[in-house]
Each structure stands twice: as structure tokens, then as C-alpha cells.
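Here's the letter readout for the chains.
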Amino acid sequence: MRTILLIATKDLKNRLRDRSFFIMAILAPLVLAFVLSSVGGDAFSEGSFAPSYVVVDATGELGPGLVETLADAGLEDVSLVATPALGREAVDDGTADAAIIMDKAFNAGLTDTAQQLEIVVYANPDSPIARSVAESVAEAIASGISGSRLSLTAYVAAGNFLTSEVIAAASAATPLVTVDNLVAEGRILDGVTFLSVGMSIFFLFFSVQGGVIEILEERRDGTFARLLAAPVSRAVVMIGKLSSAALTGFFSVGVLVVATSLLLGADWGPVFGIVGLAFGAVASAMGVGALVATFSKNVEQAQQFSGIVGTVMGLLGGSFFPVAQGPTALRVLSKLTPHAWVMEGFSGSAGLGRASEALPAIGVLSLIGLAFGLVAYLRRSRLTGVL
Amino acid sequence: MLKVERLKKSFGGRVAVNDVSFHIEEGETYGLLGPNGAGKTTTISMIAGLLSADGGSVVVGGEPMSVGAVGVRSLVGYVPQEIAVYPELTAAENLLFFARLQGLDRKLAASRVSEILETVGLRDRADDPTKTFSGGMQRRLNIGVGLVQRPKLLILDEPTVGVDPQSRNAILHSVEQLGNEGLAVLYTTHYMEEAERLCDRIGVMDEGSLIAEGTQSELVSTVGERDRVEISVVSLSAAAAAALADLPFVESATDVENTVEVLLSDAGTHLAEMLARVGEAGSMVRGVNIHQPDLEAVFLNLTGKALRD
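Residues numbered from 1 in each chain as written. Chains lettered and ligands numbered in written order. Predicted model: local features only at pLDDT ≥ 70, side-chain atom pairs only at ≥ 80, totals over all residues. Heavy atoms only, no water.

## With respect to the interface of chain A and chain B
Right, so step 1: Contacts between chain A and chain B engage 26 residues on the former and 29 residues on the latter.
Right, so step 2: Area buried by chain A at its contact with chain B is led by Arg17(A), Arg226(A) and Pro231(A), which between them contribute 29% of it.
Right, so step 3: Where chain A packs against chain B, one counts two salt bridges.
Right, so step 4: Among the salt bridges present, the one from Lys13(A) reaches Glu93(B), with a minimum N-O distance of 3.9 Å.
Right, so step 5: Taken together, the links from chain A to chain B amount to 11 residue pairs in polar contact (both at pLDDT 80 or more).
Right, so step 6: Mapped by element, the contributors of at least two residues to the side of chain A that touches chain B are helix H1 (2-16), helix H9 (191-221) and helix H10 (223-229) of chain A. (Contact = heavy atoms within 4.5 Å. Buried area = accessible area lost by both parts, 1.4 Å probe. Salt bridge = Lys/Arg side-chain N within 4 Å of Asp/Glu carboxyl O. Polar contact = N/O pair within 3.5 Å; in protein donor to acceptor, adjacent residues only side chain to side chain. Helix = DSSP H or I, 4+ residues; strand = E, 2+ residues; numbered from the N terminus.)

## Re the packing of H9(A) against helix H15 (residues 338-352) of chain A
Residue and element names in this part refer to chain A.
Right, so step 1: H15 packs onto H9 with a crossing angle of 150° between their chain directions and a minimal axis gap of 10 Å. The hand of the H9/H15 crossing is right-handed. Residue-level contacts link Phe 194, Val 197, Gly 198, Ile 201, Phe 202 and Phe 205 of H9 to Pro 338, His 339, Val 342, Met 343 and Phe 346 of H15.
Right, so step 2: Classifying every residue of the contact of H9 with H15 gives nine nonpolar, two polar and no charged. (Axes fitted to C-alpha atoms, helices over the stretch in contact; angles between N-to-C directions. Left-handed = near helix turned anticlockwise from the far one by under 90°. Nonpolar A, V, L, I, M, F, W, Y, C, P; charged D, E, K, R; others polar.)

## Details of the pattern of salt bridges
Residue and element names in this part refer to chain B.
Right, so step 1: Counted according to the given criterion, the structure contains 29 salt bridges over all chains.
Right, so step 2: One salt bridge in this structure joins Arg 6 and Asp 19, with 3.0 Å as the shortest N-O distance. Of this pair, Arg 6 sits in strand S1 (residues 2-11) while Asp 19 sits in strand S2 (residues 14-24), placing them 13 residues apart in sequence.
Right, so step 3: With a shortest N-O distance of 2.5 Å, Arg 201 and Glu 28 are connected by a salt bridge.

## As for the packing of aromatic side chains
Residue and element names in this part refer to chain A.
Right, so step 1: Counted by the stated rule, this structure contains nine aromatic pairs over all chains.
Right, so step 2: Here the aromatic rings of Phe 202 and Phe 206 are separated by 5.2 Å at their centres, their planes lie at 80°, and the arrangement is edge-to-face. One end of the pair is Phe 202 and the other is Phe 206, both in helix H9 and four residues apart, which spans about a single turn. Phe 206 carries the same exposure label as Phe 202, and that label is buried.
Right, so step 3: With a centroid separation of 5.2 Å and an interplanar angle of 85°, the aromatic rings of Trp 268 and Phe 346 are classed as edge-to-face. Of this pair, Trp 268 sits in the loop between helix H11 (234-264) and helix H12 (271-294) while Phe 346 sits in helix H15, placing them 78 residues apart in sequence. Residues Trp 268 and Phe 346 agree in their burial class; the two are buried.
Right, so step 4: Ring pairs connect the aromatic residues Phe 202, Phe 203, Phe 206 and Phe 320, which therefore count as one cluster.
Right, so step 5: Above the plane of the ring of Tyr 122 lies Arg 88, whose end atom (NZ or CZ) is 5.3 Å from the centre. (Phe/Tyr/Trp six-rings, centres within 6.5 Å; stacked < 30°, edge-to-face > 60°. Buried < 20%, exposed > 50% of the residue type's maximum accessible area, 1.4 Å probe, protein only. Lys NZ or Arg CZ within 6 Å of the ring centre and 35° of its normal.)

## Some points on the packing of H12(A) against H15(A)
For any two helices packed against each other, one specifies the crossing angle of their axes together with the interaxial distance.
Residue and element names in this part refer to chain A.
Right, so step 1: Contact pair H12 / H15: the axes reach a minimum separation of 10 Å and the direction vectors enclose 175°. When the axis of H12 is compared with that of H15, the two are roughly antiparallel. Within the contact between the two elements, H12 uses Gly 273, Ile 274, Leu 277, Ala 281 and Ser 284 and H15 uses Pro 338, Val 342, Gly 345, Phe 346 and Ser 349. (Parallel < 35°, antiparallel > 145°, perpendicular 65-115°, else oblique.)

In C-alpha cells form, the structure reads like this:
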């Protein structure tokens, strides 16, 4: 353990004195996040890509109030139409991403407490956030109506007659939709946080991969042979080297979380979520980096390969824009990248304010790191050389 | 201190080291002399435990050395051909790191760092990053790192490659001192003059094999009392070499890049006749050097080619 720490701290010291590390791991993501958020941070908000909703209310009793509530909840583009056909047409022609349909039967059921009510959500399959928000709205309405109907049932049972004023009063007593529900179920990051997370993971990949590629550099420079010639086992040397790559990753994330929070006002969410996702991100970056290095003939080639892999994964994985609102093919492809899982993890953790929401992403990231790392381990002689 | 027996290594179908055996006593400096690609670095990589051997054995200080051996490595100081230090760290930090890696405790390591800085003449630059050092200073530090744990055997792999004459002299002087202090030194080089100056015994390697071994005088005696004459020609060196080879007093004449290397006895007596023969062959003489028997001649005699090939 002493030797592992010795190697890891030496590497960390060596890297921290290297200006290019600071540029790549700290300065570049910070400056990019700052610049992009300054020139139009809201444009990068996942919320800004959850565009249009249409509320269908055939009778007009609940519709206007619901549109107002949704607007208050932060959904800017919400409109009201009178028939289910118009609602479906709006989704089909792309005018809206989701329709919340309350038809005549639904409205009639409001006064008939024995009747089963049905709210239909009709959504564009390529707009998962819109669908998710619309479903949560429908659930909230259903929940609110259940409460109202209990009151109305008691009212009728007492020998009274239902009037529209009574129904409206019952509905108002239990809010149909709350702001918290909508934001939470949408798992939306604000623009600054989105950019801070996106830029951090994008450059984290390069800095961690750089740490792994450093093994090739040490091979070239002769210091790796010197490490192997020391009275320590090869496994200890390798663990020490990889630990330093991980440490640089954690250092980079730590600095960026603090800096973007203080300077840009980013909200990274609960600490445990940050730590878990940083662990997953570093693990996956190390796995991918190690595998890339085993396919490289020399340092220069490894740097080129890792640059290409990191950039493609970053773009596909949504470091620069929310892929959740992109076409289905892009969303499927993005799931193959660690970047997408980091973004999704932070959307859940920071968006909902619950670290547990990041667990699936942390699991997938760890698995990616493990799988890539395992293949790299099998090809380790390509990394450590014949020496 | 070091015993190498029948060491073998192949890469694919290519034999890099073939049945190499030699030994080094305490306080002895042993030179492995040979051209680039002769198998010197592969041999010392196996001795340092960096590379597994296909056959044979290496014993250092009575303990077998292998890729998996750990304890015996502290007996060996390894100085690779490259300048294997960390450029962002200072000289003292580099030495301290490798001292700690060798298992020295903090206090002992600090003491050794101080000693080594003195030995390699870098005390006044101890706290400067090594990337600011000249090539010669980096080479000296490179050797210092190999000495930091007080090894019993020091392996130096061509430590003067790319070094200016002044630093080269300083390095050679340091190695001479180490031999005098009782350290066993294994020194690889393709510079004949370094081997002649430093080494008590020399092993000559070519194409993976140890083709001769002994003290300098023993090796020189194998070529007899012959002189080596280098005749530089403007052109037609092959024709000149062939013409010279026909002379009865010439033992061998080899064409090496517009220079004909001739082995013979009493070169001074026959020089005029040789130059005339070169002219008859249609070649024009540019210069002549006469060498008394040395390791270059030994190598030429053993392999039929020059050491620098």
C-alpha cells in the first residue's frame, strides 16, 4: 500500500506541475462552461428542449385552470384545444410534443362518482421528457380528482345535489398539479449546471485517459523500466500508476464542482450523488483509456485515439446538448457512452435532489469501466510492453 | 556478484541473445561491447529482471534473478539508456522517490539523496526541476538514481549516448570511481575507447552471441601483433579493398563506407606499396590512419566488420 501511494502521489505531483494538465482538466472545462453559459446558458437547459404541450378539454371546465397551473410550473409552451382529434393532430404534425386529453366522457365522469375516469397522454415517442412530464401531470390530476371525488361522494351521500360550483370548489381544494412534481419528474438540469456537468465529464475523460497513457510515456522515457526494476511487484507498480490516473480524475472533478458552484452557480446536487457519479465516471474513463492505449503502438497514436474516442463519446453522450430530445437513434447510441450515463445520473441526482436517483447510472458506469478494463487487462502486455 | 549462464532470448523467429555466459566479480567493471542490435540491451534487461529469459540463468549476489523475483532487485542498480527521470520533479525529488521505491525509510533516503547529489555534482541544482538541466546533468542524475540504494551490481546501458565530451568525461570518471569503491559494474557500450578506459574485462557481442571475452590485452593478443590501417578513398573503395587483399603481407582488407580497413604487420614498412596499389585500382586516397592493435581491430578481426556498423 505504501508503494502504491508513493507512485500515485509522485505521479500526481508530476502532473500538477504540468501546465497542460491544468489547461485540460481545470481551465478548459471551466472557461467553456462559463463562456457557453454566458452567451446563452438557457439554450442548454434540458428544460428548454421540453417544448410544447397541448391540453385537450372537451368541456372547458378544467382546461383553462390546468394550462395556467402548467405555465406557473415552468412549462412555457402550453395551449388548449377543444377536441381529442385536434390534440392528436398537434402531436402528429409536430406542433406539440405531448397532449393531455380529457374528453367528454372524462368530464361527465367528474359528476358521476361511480364512473371510471380516464386521462389519455398522447406523446411523440422521440420526446421522452415531454412524455414523462405529461404522464406526471396526468397522474397528478388523477390523484387530485380522487381526493375531490371522495369529498363529492360524501356530499351526495348527505342528500345534496351536485352543481358546477360545488365541483369547482372541490377541485380547487386539492391542487391538481404542483410545481415540484413537474420539475422533479422532468429530471431537468438548468443551463449552467448542464454545461458544468457536460464540460467536466468531457474533459475528465481526457485527463483520466492521459493518466493511463502516461504508462506508455513512461515506457518510452525509460522510467517505467526503472519502476519495474525496483524491488516491488509488477502488480503494485500498475495499481500505483492507475491510482494516480484516478486521483487526477477525482481532483479535477472536485475542483470543477467547487469552481462552477461558486463562480457560475451550478447545482451539482447531493454530495453522495457527486461522489458516486465521479467514481463511475473515473472508472469508465480509466477502462476506456486503458483499452484505447492497448490498441496504440506509441504515445502519439494513443493520444490521437483517445482524442477521437473522447470527442465522439462526448458529442454522442450529450456533453454539449441534451440528447434526450434528439432522435431515437441518437438516444440509443448515446447510451453506449459513459458521458450519457453521467449526464443522466446528474439529471436524476441534481434534478430531483436525491442521490439515490444516480445509482443506476453509477452502476452502468462501473460496469462500463469493468468491461473495458477487463479487456484491457487481457491485452495488458500491449500497454506495459515486453520489458 | 553476477553469474550469467547460457542466457537465451528470441523475439518471434529472431534470436536476440544466444547462449550468453559471463560473470562479474565484486569491484570489477565488465564491458559488453558490440554494435547497435548486438543484443546488449536485451541481455541486461534479463539481468535486471525486466525481461524473461527463454533459457539459461542469472544469479545476482547468490540469488536467482527473474521477472517475478522481488527481493534480489535491491542488489541491482539499473541505469537505462534513456534519461529515465521525471522532468517536472526536482533532482532531489527524483532521487527521493526512487530511494523510497527501493524500500529505504524516509531518513535513510534523505541521507542517500544528499550523498548522491554530491557524487554526481548536482548539489547546487538539487531543487531545480530536471527539465531545466542540460543533457549532461540529466545523464549524471540518471546514473545517480541507479546508485541511490547502494546496489552491489550497477548496470549501465550506454550511459554516454548523446552526451557532450565534457559531461562524457565526468560520467566515465564517476564510473571509474565506482569500480574502485568495490561495486560490480556491467557497462554496455559501442564506443571502443570507453570500454578500453573503464573495463577490467570485456565481452564482445555480435548478433546475439558473446564471441570473445577477456581483458583488453588478452583480446588484442587474439589479433596478433598486427596494425590496422584505415585508408580513406574518394571512390572505388571496393576495388581498392580487393587490390589490397591480394598483397602478400596483408591479412585482410575490408571496405567500410569509402574507407578500406587493412590488417597487417608492420604497417609503416608497407604503406607506400599499399597506397600505390590503391592508385592502380583507380581509386584516389584522401587520408590514411595507422592504429596499433585495439578493440576495434579485435572486433574487425572477429566479425569482419567495423564496430560502428
